[in-house]
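# Structural overview
Take a look at the letters that make up each chain.
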Amino acid sequence: MNLEGRRESSNVEDRRGMSTGTKAGIGGIGGLIIAGLITLLMGGNLGDVLQNAGAMGGMVGDGSTEQREFTQEEQELAAFSRKILAGTEDVWTQIFQENGWGEYKVPTMVLYTGSTSTGCGQGSAQMGPFYCSADQCLYIDLSFFSNMRQQLGADGDFAYAYVIAHEVGHHVEYLTGTLGKAHQQMQRMNDKDANRVSVRLELLADFYAGVWANRDNRMFNSLEQGDLEKAIDCAQKIGDDYLQKKAQGYDIPESFTHGTSAQRMKWLKLGLQTGDVRYGNTFDKSDAEL
Ligand SMILES: [Zn+2]
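Residues numbered from 1 in each chain as written. Predicted model: local features only at pLDDT ≥ 70, side-chain atom pairs only at ≥ 80, totals over all residues. Heavy atoms only, no water.

## Some thoughts on the coordination of the zinc ion
What counts here: Only nitrogen, oxygen and sulfur atoms count as donors, using a 2.8 Å cut-off from the metal that widens to 3.2 Å for Na, K and Ca. Water is left out, so coordination shells may look unfilled. To qualify as a helix, a DSSP run of H or I must reach at least 4 residues; to qualify as a strand, a run of E must reach at least 2; elements of each kind are numbered from the N terminus. Exposure is judged per residue with a 1.4 Å probe applied to protein chains only, and the accessible area is read against the type maximum: over 50% gives exposed, under 20% gives buried, and values in between give partly exposed.
Within the protein, Asp 48 (OD), Asp 48 (OD), His 166 (NE2), His 170 (NE2) and Glu 202 (OE) serve as the donor atoms for the zinc ion, at 1.9 to 2.3 Å. Sequence positions of the donors to the zinc ion reduce to the motif D-x117-H-x3-H-x31-E. Of the two residues, Asp 48 is situated in the loop between helix H1 (36-41) and strand E2 (49-50) and Glu 202 in helix H6 (residues 191-220); the sequence distance between them amounts to 154 residues. There is no split in this pair, since Asp 48 and Glu 202 are both buried.

See the structure below:
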């Protein structure tokens with residue numbers, strides 16, 4: 001990506017180096033990246049959109065803080081993330097205006113290391129990046145990006161941008177009411193049906209990430225050769241079927257919460273190609289059509 005001269009968002013809370021010392025184990029943009037796979041083996045229900053504190057238990061921590069200097073790579077990643085967030089602010093403000101969706105209320109990005117308190121309970125780096133609708137924050141431990149590279153071979157700045165834009169996509173779902181409606185439905189359902197709703201939320205967030213990239217490129221000429229392939233490769237590697245097969249040798253489709261590799265690539269691409277939110281109709285599709 002070419003982000004030269006781009007502004008950095010100020011809607012960022014930097015909690016890096018402040019660890020509260022506890023660990024939780026659910027969530028993740030790819031369902032089960034890293035330790036999330038332990039949760040899968042225990043039959044846990046994974047998701048990277050959290051609703052309230054009840055979902056994760058209380059906010060506990062020993063309050064210990066650890067101060068240290070950040071490496072140059074860490075500082076660059078933080079600056080990069082601020083620029084991507086700024087791009088999502090500009091793009092979604094415009095899209096909300098165009099569609100008469102009201103004002104785009106920007107989310108806050110919380111950078112942290114290890115674990116941190118959130119409006120949805122204790123957040124942990126093991127969960128991967130996640131969005132909490134209770135406080136409208138996206139939570140990212142930047143070490144996730146090196147894990148993506150090391151454990152999945154998913155690399156490239158645009159792949160990282162896709163991850164951030166996906167979480168912002170959940171915020172858009174929240175503002176438009178899609179997220180609240182879906183979560184309400186899920187509470188009345190058995191796990192299998194709730195997972196089908198979750199997959200639609202996740203694929204819509206992938207689609208919104210694609211829409212953002214299309215529009216960001218239109219506004220700022222940000223995409224470079226090879227960028228699209230890297231993001232699509234990343235979408236492939238965080239498909240539920242791909243991750244489950246990698247983790248345990250087989251997959252269990254009814255446990256999917258984020259969609260298959262093919263589905264994630266398809267919806268990301270659709271957003272990238274159209275840049276038009278009207279094509280984001282994952283909730284109108286049958287399973288076979290997704
Ligand atoms: Zn998600």
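The discussion continues.
## With respect to the nonpolar core
Within soluble globular proteins, side chains that are nonpolar tend to cluster in buried spots. Basically, it comes down to this: Put simply, a nonpolar core is a bunch of buried Ala, Val, Leu, Ile, Met, Phe, Trp, Tyr and Cys residues held in one set by side-chain atoms that sit within 4.5 Å of each other. The contact criterion used throughout is that any non-hydrogen atoms of two residues lie within 4.5 Å.
Within the largest apolar cluster, 62 residues are counted, with the highest numbers of intra-cluster contacts made by Trp 92, Phe 145, Met 148 and Trp 212. Here this core takes 12 residues from H6, the largest share from any one element. Setting aside its immediate chain neighbours within four residues, Trp 92 contacts Trp 101, Tyr 104, Val 168, Val 172, Tyr 208, Val 211, Trp 212 and Val 277.

## Re the state of the cysteines
Here is the rule we go by: A pair of cysteine sulfur atoms is labelled a disulfide when the two atoms are within 2.5 Å.
Per the counting criterion, the structure on display carries 1 disulfide. What pairs with Cys 120 in a disulfide is Cys 132, and their sulfur atoms sit 2.0 Å apart. Taking the sign of the torsion about the S-S bond as the criterion, the disulfide between Cys 120 and Cys 132, at about 90 degrees, is right-handed. With a gap of 12 residues between them, Cys 120 in the loop between strand E4 (115-118) and strand E5 (121-124) and Cys 132 in strand E6 (residues 130-132) connect regions that are remote in the sequence. Like Cys 132, Cys 120 is buried.

## Remarks on the packing of aromatic side chains
Note the following rule: Here a pair means two rings of Phe, Tyr or Trp (six-membered ring of Trp) with centres within 6.5 Å. Their orientation is stacked below 30 degrees between planes, edge-to-face above 60, and tilted elsewhere.
Counted under the stated rule, the structure contains 10 aromatic pairs. Ring centres of Trp 92 and Phe 96 lie 6.5 Å apart, and the angle between their planes is 85 degrees; this geometry places the pair in the edge-to-face category. Linking Trp 92 with Phe 96, this pair stays in helix H2 (residues 72-98), spanning 4 residues, or about one helical turn. The two residues Trp 92 and Phe 96 agree in class, both being buried. For the pair Trp 92 and Tyr 208, a centre-to-centre distance of 5.2 Å together with 80 degrees between the ring planes defines the contact as edge-to-face. Placement of Trp 92 in helix H2 and of Tyr 208 in helix H6 is noted, with a sequence separation of 116 residues between them.

## Some thoughts on the pairing of strand E3 (residues 108-112)
Keep this limit in mind: When DSSP locates at least two bridges between a pair of strands, those strands are taken to pair.
Judged by how many residues are buried, E3 sits mostly within the fold: 4 of 5 residues are covered. Bridge analysis of strand E1 (residues 12-15) against E3 gives 4 bridges, and the strand direction is parallel. Across the sheet, the residue bridging to Asp 14 is Leu 111, located in E3.

## A closer look at H6
Rules: By definition here, a helix of n residues has an expected span of 1.5 Å times n minus one.
In a regular helix each residue adds 1.5 Å, so 30 residues correspond to 44 Å; H6 covers 42 Å between its end C-alpha atoms and thus fits that length. When you tally the buried positions in H6, you get 22 out of 30 residues, the bulk of the element. Looking one or two residues beyond H6, the residue adopting positive phi is Asn 221, at roughly 55 degrees.

## Observations regarding the confidence of the model for the protein chain
This is how it is decided: Note on scores: pLDDT gives the predictor's confidence for each residue, bounded by 0 and 100.
Mean pLDDT for the protein chain: 86, with 84% of residues reaching 70 or above. Considering only residues more than four positions removed or in separate chains, one finds that residues 53-63, a stretch of pLDDT under 50, has 26 contacts.

## As for the pairing of strand E7 (residues 137-140)
Covered by surrounding structure in E7 are Cys 137 and Tyr 139 together with Leu 138 and Ile 140, the residues of both alternating faces. Summarising the sheet, E3 and E7 pair through 4 bridges and their orientation is parallel. For Val 110, the partnering residue across the bridge sits in E7 and is Tyr 139. Two elements, E6 and E7, share 3 bridges in a ladder whose sense is antiparallel. Its bridge partner being in E7, Tyr 131 is matched across the sheet by Leu 138. Between E6 and the antiparallel strand that follows it, E7, lie 4 residues; Gln 136 among them carries a positive phi value of about 50 degrees.

## Things to note about the environment of Phe 283
Within the secondary structure layout, Phe 283 lies in the segment after helix H9 (261-274). Given a relative accessible area of 33%, Phe 283 falls into the partly exposed group. Non-local contacts of Phe 283, meaning those with residues more than four positions away in its chain, are made with Thr 178, Ala 182, Val 197, Arg 200, Leu 201 and Leu 204.

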